[in-house]
Protein chains: 2
Amino acid sequence: MKLENRKEEIIKTAAKLFKEKGYSAVTMRDIATAVGMKAASLYNHISSKQELLKIIIISLAEAFTQGMQEIKTSNISTKQKLEAVVKLHVDITAQNTFGMASLNNDWMHLEGERDYYLSLRSGYEADFRSILLEGIQRKEIADSSVEVMLFSILSTLRSLYLWIPKKEDVTPEDLSKSLSNVLINGINK
Amino acid sequence: MKLENRKEEIIKTAAKLFKEKGYSAVTMRDIATAVGMKAASLYNHISSKQELLKIIIISLAEAFTQGMQEIKTSNISTKQKLEAVVKLHVDITAQNTFGMASLNNDWMHLEGERDYYLSLRSGYEADFRSILLEGIQRKEIADSSVEVMLFSILSTLRSLYLWIPKKEDVTPEDLSKSLSNVLINGINK
DNA sequence: GCACCAAACTAACAGTTGTTAGTTTAATAC
DNA sequence: GTATTAAACTAACAACTGTTAGTTTGGTGC
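Residues numbered from 1 in each chain as written. Chains lettered and ligands numbered in written order. Predicted model: local features only at pLDDT ≥ 70, side-chain atom pairs only at ≥ 80, totals over all residues. Heavy atoms only, no water.

As annotated in an unreviewed UniProt entry, chain A carries the name TetR/AcrR family transcriptional regulator and comes from Bizionia argentinensis JUB59.

Below you can see the structure in the form of structure tokens.
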């Protein structure tokens, strides 16, 4: 239906602007101009600026949670799980680099769903930590600090939204592979 | 002098609030309340909200640039240079986690110094890239994609401001060491 | 006690914010 | 051709924004 298309367009435009300037610095008039209408007309499609942020962030957070569920319940090696997590991040981010900026930088401006978002995020990190811990116990990966490994990998994956747009010639498959390689094997010879 | 102390206090308070909500979402009244005065009184110490952002970001960016100059001109191995870069990030970030949030997330709101900031940033990344390239040529590190290595390491180092405050029990020395280890050797057994 | 002055205050400004109310437009259904 | 309706519009709102002007306060040096 047409209304849904227009709403989708508004959400994508909002996400793009949120990435460039952050949620608070983007006005409804900015979004309206970018989409070719007046600010008041936006309200024929959405209920509030908050709704835009909520849709952008929560849908992405739930995609990560769902992806992680599938990985952690699959019967594969620790390294294969890590590669799958990398691929999950690369794929979701490649599809929506704008929204990922809001997920990373504007979640604190969520008003009704901040706690829900934070619970998804905590759960995700806990699952990730479990994968690493299991890998150490099974002697599949090095016995370094779990927290440092988790932080290092997750920081890199969470920054993909900044990097993918600058390397449009690299396919998600190639990126996943070389990234997995560097994260798992480091840069050592 | 007293005036400088008060100004320092305002800058630190502003940086703290900027980290929590982002530059645009923080009002001069927020800063004033947090520091115990009225918004108009802030202008006895600073000239504008922009000045606060400029001081916070530019001083940090210049510290990184200066640190990088010393590392790249030093006569040490590639791995030692990488360890020095890690230490540079850990030390600066540990001293000013609030300001690092602005450096990472609010530089686009700089009005007079954005281009200057971006030039410092580009120079820093170019120097970092050169260190990695030299390491590959000298066969001191693996011959993986320089861009992927650079992105991965820099993403981790730039996210330190989020992580260090949550691990106050870890000393900068220990963190630098374990982080260098994970970044250089990966998580492989 | 008086002059000086940094640093706080009150009051106000012009512009911007998200949002609402009410109206017009243009396409569709019958 | 008339009724309906989604989606645009204009106009306006109350609240909030960064900042300025002018005033008061309280301590220092003489």
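**Thoughts on the relation of the copies chain A and chain B**
Applicable threshold: Superposition of the copies used a least-squares fit over C-alpha atoms from residues whose pLDDT is at least 70 in both. Here, residues are in contact when the closest pair of their heavy atoms is within 4.5 Å.
Expressed as a screw transformation, the operator carrying chain A onto chain B has a rotation angle of 180° and an axial translation of 0.0 Å, and the superposed copies differ by an RMSD of 0.0 Å. One copy is carried onto the other by what is essentially a two-fold rotation axis. No C-alpha of chain A lies nearer the rotation axis than that of glycine 186 of chain A, which sits 1.8 Å from it. When you check the interface residues of chain A against chain B, 100% turn up at the interface there too, and the contact is symmetric in its surfaces.

**A closer look at the interface of chain A and chain B**
Counted only if it meets this: Throughout, buried area stands for the accessible area (probe radius 1.4 Å) lost by two parts on being put together, summed over both. We define a salt bridge as a side-chain nitrogen of Lys or Arg found within 4 Å of a carboxyl oxygen belonging to Asp or Glu. Definition of a polar contact: a pair of N or O atoms within 3.5 Å, with one able to donate and the other able to accept a hydrogen when the atoms are protein atoms, and with sequence-neighbouring residues admitted only if both atoms are side-chain atoms. Each residue is assigned to one class: nonpolar for Ala, Val, Leu, Ile, Met, Phe, Trp, Tyr, Cys and Pro, charged for Asp, Glu, Lys and Arg, and polar for all the others, Gly among them.
Between chain A and chain B, the residue contacts involve 38 residues of the former and 38 residues of the latter. The contact between chain A and chain B buries some 3400 Å² in all, and 62% of this surface belongs to carbon and sulfur atoms. Across the chain A-chain B interface, the total number found is two salt bridges. In this structure, lysine 167 of chain B and glutamate 147 of chain A form a salt bridge, with 3.2 Å as the shortest nitrogen-oxygen distance. Seen at the junction of chain A and chain B, the total is 17 residue pairs in polar contact (both at pLDDT 80 or more). Per-class residue counts for the side of chain A that touches chain B are 17 nonpolar, 13 polar and eight charged.

**Describing helix α2 (residues 28-35) of chain A**
Residues and elements named next belong to chain A. So the rule is basically this: For every residue, the accessible area obtained with a 1.4 Å probe (protein chains only) is divided by the maximum for its type, and the residue is called buried under 20%, exposed over 50%, and partly exposed between those limits. To qualify as a helix, a DSSP run of H or I must reach at least 4 residues; to qualify as a strand, a run of E must reach at least 2; elements of each kind are numbered from the N terminus. Each direction from the helix axis to a C-beta atom contributes to the arc, which is the arc of those directions.
Met28, Ile31, Ala32 and Val35 are the residues of α2 that are buried. Down the axis of α2, the smallest arc covering the buried residues is 100°, so these residues share one side. Pointing more than 90 degrees away from the buried face of α2 are the exposed residues Arg29 and Thr33. Just beyond α2, the residue with positive phi is glycine 36, at close to 85°.

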